[in-house]
Every structure is written in C-alpha cells, then in structure tokens.
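One letter stands for each residue in the lines below.
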Amino acid sequence: MLYLVLATLSSLCFLHYIITWCKAKRLQHTVEAGKVPPWASEGLPLVGNSVAFLRDPFAFVLSLSSKHPVRLRLPGANPILVQGLDNVRTLFRLSAWSNPAHAQQFIASRLFGMPPVASASFVRDNSGIAAKPKPGTNVESRNRICHRDHEIIRSMFQGPELSDLIDRFSGLLYEKMHHLPIGSQWVEMPDLFEFLVTQITPLSIELLCGPSLTKVIDPDFVRDFWRFDSWVPTIAKKAPRWIFPQGYRIRDKLIASIKRWRMSSCMVRDDEKNMTGCKGMKDKLNLLDVDGWDMDAIAASDLGLIWAANSNTISCLYWMTYEIFRRPSLLAHIQRECSESISKRSEQLTPKFELTTLLSQPYLQSSFAETLRYRCHIFITRYPDSDDMYVNGWRLPAGSLLMACSTVQHMEESLWNTKTYGKQPLNIFWPERFLTLVNDHNYGYRHRKESAISLSYDVESSRSDQSSAPKQQPKFTSKGLEGVWVPFGGGSQMCPGQRLAKVQVFLTTALITTLFEVEPSDPRKEIPVNWAHFGTGVAKPAAPLPFRIRRRPA
Ligand code: HEM
C-alpha cells in the first residue's frame with residue numbers, strides 16, 4: 001500500500017514537472033511582445049523550487065535554462081531570475097528604472113538590525129537616488145535618504161575621499177606586515193582564512209572608524225564580526241530570533257559597540273578628530289535629521305557598511321592567495337610582477353609598491369578576475385516598483401523582485417572559451433582565461449576558435465610547467481565582459497567599493513608574496529565551499545587550510 005502511495009505521488013510530481021517544463025518551453029518560443037517569464041520547472045507542487053534551492057543552490061541555478069528569465073517559487077518570495085546575456089545587460093542598463101529602496105529597507109532592518117521606524121524611511125522616499133528628485137515626488141530634502149545615503153557612499157569610495165582611504169590603508173598595511181611577529185623560522189598556522197581575517201579586518205575597520213572601535217571600545221569586535229558573518233545566511237532567510245538567538249545576540253553586541261564608539265567619538269577634542277574615522281563616517285551622522293533615525297539607526301547602517309567593506313574583500317583575498325601559494329609557477333609570475341612594481345624610492349626592509357604599476361600587472365589582474373569569476377556567488381537585485389520593466393520582449397511586472405546571479409553568468413559555457421587550444425573548463429581556477437598576447441586580437445575568455453594562451457595550471461603540472469611559459473608578455477583584457485563577468489553587479493547601482501577592494505587585495509597579495517614564504521600543508525587539498533552563503537557574495541571556505549609561514553631573507 002505504502003509503495004502504491006509513493007508511486008502515485010512520484011508520478012504526480014513527475015507529471016507536474018513535465019507540465020511546467022512544457023509551459024516554459026512553449027512560452028520561450030512565443031514571439032508575442034510583453035510576455036511574462038514562465039515559472040521554472042518544479043518537482044513538488046506545494047514547495048515549488050524551495051527544496052532544490054535549499055539543498056544545493058549552486059546546482060539549482062545552473063540547472064535552469066540560462067537563456068531566458070524564469071519565475072521561481074522560493075521560501076517567502078517569488079523572484080524573477082533574469083538570465084541570458086542580452087537580458088542581464090539590459091537589466092543593468094535599466095538599473096535607474098528600479099528602486100533600490102526596498103532592498104535597502106530589507107537589508108538594513110532584516111540583516112543589520114535597523115529599527116523598523118528608521119528603515120521605513122527608505123520606502124517612504126520615492127524621490128530616487130539622483131540629485132534631482134523624480135518628477136511628481138514631494139519628499140522633504142532632509143528625508144531624501146536614498147539620495148543622501150548614495151551620495152555619502154559615492155563620495156567616500158568613488159569621489160575625492162578615495163585616494164585618502166587608499167593612502168591610509170597602504171600605511172596601515174605596510175606597518176602591519178613589517179611588524180608581524182614572524183621571523184626566518186617556519187611558524188605553523190592552523191588556517192589561512194583565520195590568519196587573513198585576523199590581520200586584515202582590523203585595518204579595514206580602522207580605515208573607516210579610526211583605531212578606537214577595535215582597540216579600545218571592543219577588542220572582540222573582529223572576532224564577533226566574523227561570527228556574525230557566519231550567521232548572515234540564516235538571518236537573511238528571516239530565521240526567527242527565538243530559534244537562533246545566538247546570531248541575533250552577536251549582532252546586537254556589535255551594534256552596541258558601534259553605538260558606544262559613535263558616542264565616544266562625539267566627545268573627542270578637535271585636535272584628535274582624525275582618530276575617529278574617515279570623513280564619510282562623520283558625514284553619516286548628518287542622517288540623524290531623517291525622520292525616524294537615531295543613533296541605533298546610524299549604528300545599524302555602520303554595521304552594514306563595515307560588512308560590505310570586509311566580507312567579500314577578505315574572502316576574495318583568501319581564495320586568491322590560496323590559489324597562488326599552491327601553484328608555484330603562478331606564484332613565480334606574481335612575485336616577478338610585484339618586484340617590477342617596487343618603487344625605486346623604497347627602503348630595503350619594507351618595499352613600497354608603485355600602485356599604478358601594481359594594479360596594471362597582467363597576472364595579478366587575471367588572478368583577481370578569475371578568483372571572482374570562480375568564487376563569487378551573488379544575487380544582484382533590482383526592483384521596478386511603479387512601472388513594468390521591459391527586457392528584450394519580456395515583461396517584468398512592477399512589484400517583482402528581479403535577480404541576476406553571478407554564478408549563472410560565470411559558469412555559462414557559451415559565454416567563455418573553454419574548449420579550444422588547451423583552455424580549461426569553468427570549474428577550474430585558470431587565470432589565463434583573462435590573458436591574451438600582445439598583438440593577438442583573439443581574447444582569451446571569449447568563445448573563439450583561436451586562443452591566446454594555452455598554459456595548463458592544474459596543481460599537478462604547475463611544478464614543472466615553467467617551460468611552457470608564453471614567450472611574449474601576456475596582457476590582461478576585460479573587453480566585452482559587460483554582463484558576463486559581474487561580481488560587482490552592473491549599471492548605476494554597481495558596487496561603489498570595487499576600486500578600494502582591488503587595491504586592498506593587490507597590495508596585501510603583493511606584500512605577503514614578497515615578504516613571506518607560505519606553504520599550504522597540502523597544496524593538492526581542494527578546500528570545500530560553504531554553500532550556505534550562496535547568493536550573498538564571495539564564497540566562504542568550509543574547512544581550514546593549515547599552512548606554514550616564514551619571512552623571506554631581505
Ligand atoms: C571583492 C569585493 C567586493 C565584491 C565582490 C562586491 C560586490 C558587490 C555587489 C555585487 C554589489 C551590488 C551591486 C549591484 O546591485 O549592481 C555591491 C554593493 C555594495 N558594495 Fe560591494 N563588493 C566588494 C567590495 C566592497 C567594498 C570594499 C566596499 C566598501 C568599502 C563595498 C561597498 C558596497 C556598498 C556600500 C554597496 C551598496 C551600494 C548601494 O546600495 O548603492 N563593496 N557590492
């Protein structure tokens with residue numbers, strides 16, 4: 001009897017799957033303008049795509065057709081996943097049509113604990129992010145939170161304050177690396193991720209908030225910050241506080257520390273103001289005049305910014321150093337490029353790098369690009385709230401949550417050259433994907449017959465592949481990657497911190513590879529990914545990577 005019930009149920013599920021699949025296919029081939037995307041094929045009638053998504057999100061998004069948008073049935077939301085290169089490009093181009101306020105409200109209150117009375121100010125403001133309010137809106141200028149927040153962030157990370165931030169980060173990093181208590185003897189370390197987190201996070205936080213938050217107010221802040229980071233997927237899925245009190249308790253503690261730091265900064269004498277953080281963080285205090293905002297709201301918003309500034313960048317730094325140190329020939333290229341970038345005015349003990357030269361080195365650039373291609377799994381969201389959005393014949397109804405997924409673009413075979421002339425499949429880290437030879441117009445990553453470089457970078461062969469090194473100097477290229485390589489999103493809402501992230505990752509990699517020898521305990525060990533974080537940004541490792549380290553002779 002049980003078998004009969006099970007057999008009937010699975011037949012029904014299969015039938016349901018076939019019906020939704022056929023509907024999707026029929027719609028895909030319909031030419032009528034303004035068709036709404038079909039539902040993705042689903043196995044179980046009531047739970048939609050939730051089970052498949054929660055069980056293995058990576059496999060799930062790759063199992064969907066990658067050519068057209070589909071509607072998903074997920075827990076608590078029915079977003080439209082925008083797929084297909086032209087559709088993703090159009091979505092990014094139409095970013096200004098979508099209203100980021102809803103995502104901002106969700107992220108600020110749900111993820112970073114902003115009181116609802118303050119986070120509601122985002123959706124009360126329908127005047128848009130531009131300096132000029134949208135026609136027909138009538139929001140008081142002090143309540144134009146979307147525009148004011150956007151302006152503070154833009155001037156901090158893309159405007160005049162950026163070069164100051166870069167200089168300060170460089171200074172802090174040189175100091176840190178010079179004084180790291182590691183000498184000429186090997187030191188065994190339990191985990192590369194923990195090492196980078198402990199060394200680099202305090203610098204990034206000091207850059208924004210000055211030294212007192214992590215040194216005086218709360219010496220456990222960095223440890224708690226990364227504990228909170230591990231709870232982000234759970235909290236983002238609206239898990240209730242009474243079931244997971246620990247994650248919320250850590251968040252409350254971080255917010256309380258930031259609030260104490262904010263209060264203490266207000267009392268600092270004028271001649272000590274440079275100890276209280278960067279200009280942008282001070283400008284954020286002006287938001288206290290927005291209706292509903294108080295110091296709790298500012299502290300929650302600060303936590304969001306500290307998270308945005310650390311979580312992805314340090315994870316990217318980890319995967320990039322992990323790949324470099326397990327591939328001796330790649331390490332040799334990187335060390336050569338770093339040595340070429342050392343400033344002539346450098347002292348012997350602490351080499352200083354010419355940033356412009358460092359940032360344009362081909363192997364550093366291609367390793368960074370490939371790390372983000374391979375390891376970044378982020379949902380980039382857009383929300384058309386008042387009008388339907390039209391994307392290449394598809395009508396995306398107003399009020400729908402639209403998502404593009406970096407994984408879909410980064411793993412789509414038809415967008416990348418993987419087959420010819422020794423090129424590597426997309427499930428392998430291979431920086432040469434982004435390299436081409438000078439005077440060769442057949443770009444490495446695109447699907448073309450001729451290939452630029454055919455180096456093999458698997459761990460096995462990397463120890464002996466020096467002989468196959470290209471005779472010409474390779475060149476980094478990212479031409480034509482709009483909508484294909486999307487770790488920083490796209491269009492007018494693209495990540496404002498990408499320049500700073502690049503400087504932080506390049507400079508830290510340069511100093512570590514120049515000053516230290518680092519040996520993973522087992523270079524062949526593939527570090528598994530913690531898929532719970534899928535959709536939130538650069539992947540987190542699911543296992544420690546023990547290594548040993550010693551200072552290289554000067
Ligand atoms: C490898 C490192 C990073 C990655 C992969 C990354 C990725 C992203 C992505 C995909 C978005 C959404 C873009 C869109 O909607 O089109 C975003 C937004 C944002 N990122 Fe980054 N990011 C990184 C580093 C940083 C850094 C270092 C900062 C600041 C110091 C930063 C600050 C922000 C902020 C404030 C936003 C929200 C912007 C807004 O709402 O207008 N990010 N980031």
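Remember, predicted model here, so these are calculated numbers, not experimental data.

S.K.: How do you make sense of the pairing of strand β4 (residues 376–382) when you look at a structure like this?
M.R.: When a strand is regular, its side chains alternate between the sheet's two faces. The buried fraction of β4 is high, at six of seven residues. Where β4 lies against strand β12 (residues 536–538), three bridges are found, and the strand directions are antiparallel. Within β12, the position partnered with C376 by the bridge is V538. With four bridges joining them, β4 and strand β7 (residues 402–405) adopt antiparallel strand pairing.

S.K.: Would you mind going over the side chain of T477 with me for this structure?
M.R.: Looking at where T477 falls in the secondary structure, it is placed in the loop between β9 (474–476) and α20 (498–515). There is a polar contact of 3.3 Å between the side chain of T477 and the backbone nitrogen of K479.

S.K.: Sorry if this is basic, but what is going on with the coordination of the iron atom of the ligand here?
M.R.: Where a metal carries four tetrahedral donors, each ideal angle is 109.5 degrees; where it carries six octahedral donors, the ideal angles are 90 or 180 degrees. You will see that the iron atom of the ligand has only one donor from the protein, C495 (SG), lying 2.3 Å away. With respect to the secondary-structure elements, C495 resides in the loop between β9 and α20.

S.K.: Looking at this model, I keep getting lost on the nonpolar core. Mind explaining?
M.R.: The nonpolar side chains of soluble globular proteins are, as a tendency, buried together. If you look at the biggest cluster of nonpolar residues, it comprises 122 residues, and the most contacted ones within it are M177, L208, F228, W293 and I306. Residue contributions to this core peak at 19 residues, all from helix α14 (residues 295–325). With residues up to four places along the chain from it excluded, the contact list for I306 reads I205, L208, C209, L213, F221, F225 and I258. By size, the runner-up hydrophobic cluster in this structure holds 14 residues, among which are V61, L64, F379 and F534.

S.K.: Would you take a moment to explain the pairing of β7 for this structure?
M.R.: Residues of β7 alternate between two faces, with L402 and A404 on one and M403 and C405 on the opposite face, all of them buried. When strand β2 (residues 80–81) meets β7, the two strands line up parallel, connected through two bridges. Considered in β7, the bridge of I80 is made with L402.

S.K.: What exactly am I supposed to notice about the packing of α14 against helix α15 (residues 328–340) here?
M.R.: For any two helices packed against each other, the geometry is given by the interaxial angle and the distance between the axes. Across the interface, α14 lies against α15 with an axial gap of 6 Å and an inter-helix angle of 110°. Relative to α15, the element α14 lies roughly perpendicular. The segment α14 lies against α15, with E323, I324 and F325 engaging L330, L331 and I334. Of the residues in the contact of α14 with α15, the class split is five nonpolar, no polar and one charged.

S.K.: Help me out: how do you make sense of empty space enclosed by the protein in this one?
M.R.: It is a probe the size of a water molecule, rolled over the atoms, that shows where empty space is left. The full count for this structure, using the stated rule, is two cavities of 30 Å³ or more. As for the largest cavity, its lining consists of H377, V529, N530, W531, H533, F534, T536, G537, V538 and A539. The set of elements that each furnish at least two residues to the lining of the largest cavity consists of β11 (529–530) and β12. The element that contributes the greatest number of residues to the lining of the largest cavity is β12, accounting for three residues. Residues that form the lining of the largest cavity fall into these classes: five nonpolar, five polar and no charged. In this structure, the second largest cavity is lined by I200, T313, I314, L317, Q504, V505 and T508. For the lining of the second largest cavity, the secondary-structure elements that each account for two or more residues are α14 and α20. Among the residues forming the lining of the second largest cavity, the class breakdown is four nonpolar, three polar and no charged.

S.K.: Looking at this structure, how should I read helix α6 (residues 116–124)?
M.R.: An α-helix turns once per 3.6 residues; consequently, residues spaced three or four apart project the same way. Listed as buried for α6 are A118, S119, A120, S121 and F122. Of the surrounding secondary structure, the elements contacted by the buried residues of α6 are α5 (101–111), α7 (145–157) and α14.

S.K.: Whenever I open this one, the UniProt feature "binding site: heme" (unreviewed entry) in the protein confuses me. Can you help?
M.R.: UniProt's feature table lists "binding site: heme" (unreviewed entry) at C495, given in the numbering used throughout. Residues contacting C495, with those up to four places away along its chain left out, are Q158 and F488.

S.K.: Would you mind going over the sheet that holds β4 with me for this structure?
M.R.: Across a sheet, strands are paired by hydrogen bonds formed along the backbone, either parallel or antiparallel in direction. With respect to topology, five strands assemble into an open sheet ordered β1-β2-β7-β4-β12, the strand pairing being mixed. Pairing within the sheet leaves two strands with one partner each, and these edge strands are β1 (70–71) and β12.

S.K.: So what exactly am I meant to see when it comes to a nonpolar patch on the surface here?
M.R.: Side chains of W242, I243 and F244 sit close together on the surface and give an oily, nonpolar patch of about 370 Å² of accessible area. What makes W242 exposed here is its relative accessible area of 73%.

S.K.: Looking at this model, I keep getting lost on the packing of aromatic side chains. Mind explaining?
M.R.: Each pair of aromatic rings is reported with the distance of its centres and the angle of its planes. Counted under the stated rule, the structure contains 20 aromatic pairs. For the pair F53 and F60, a centre-to-centre distance of 6.0 Å together with 90° between the ring planes defines the contact as edge-to-face. No difference in accessibility class separates F53 from F60, as the two residues are buried. Note on F195 and F547: the rings are 5.5 Å apart at their centroids and 65° apart in plane angle, and the pair reads as edge-to-face. Taken together, the residues F195 in helix α9 (residues 192–209) and F547 in strand β14 (residues 547–551) connect sequence positions 352 residues apart. Given the relative accessible area of 9%, F195 is considered buried. By the ring-pair criterion, three or more aromatic residues cluster together here, those being F53, F58, F60, F379, W531 and F534.

Conventions adopted
Residues numbered from 1 in each chain as written. Predicted model: local features only at pLDDT ≥ 70, side-chain atom pairs only at ≥ 80, totals over all residues. Heavy atoms only, no water. Buried < 20%, exposed > 50% of the residue type's maximum accessible area, 1.4 Å probe, protein only. Helix = DSSP H or I, 4+ residues; strand = E, 2+ residues; numbered from the N terminus. Pairing = 2+ DSSP bridges. Polar contact = N/O pair within 3.5 Å; in protein donor to acceptor, adjacent residues only side chain to side chain. Donors = N, O, S within 2.8 Å, 3.2 Å for Na, K, Ca; no water. Core = buried A, V, L, I, M, F, W, Y, C linked by side-chain atoms within 4.5 Å. Contact = heavy atoms within 4.5 Å. Axes fitted to C-alpha atoms, helices over the stretch in contact; angles between N-to-C directions. Parallel < 35°, antiparallel > 145°, perpendicular 65-115°, else oblique. Nonpolar A, V, L, I, M, F, W, Y, C, P; charged D, E, K, R; others polar. 1 Å grid on protein atoms, 1.4 Å probe; cavity = no way out; pocket = protein on both sides within 12 Å on 5 of 7 lines; lining within 4 Å. Points joined across faces, edges and corners; volume = space filled by probe spheres on them. UniProt positions renumbered as here; feature names shortened; annotations may be inferred. Patch = residues over 30% accessible without salt bridge, like charges linked within 9 Å, V, L, I, M, F, W, Y side chains within 5 Å. Areas by Shrake-Rupley, 256 points an atom, 1.4 Å probe, with all protein chains shown as cover. Salt bridge = Lys/Arg side-chain N within 4 Å of Asp/Glu carboxyl O. Phe/Tyr/Trp six-rings, centres within 6.5 Å; stacked < 30°, edge-to-face > 60°.

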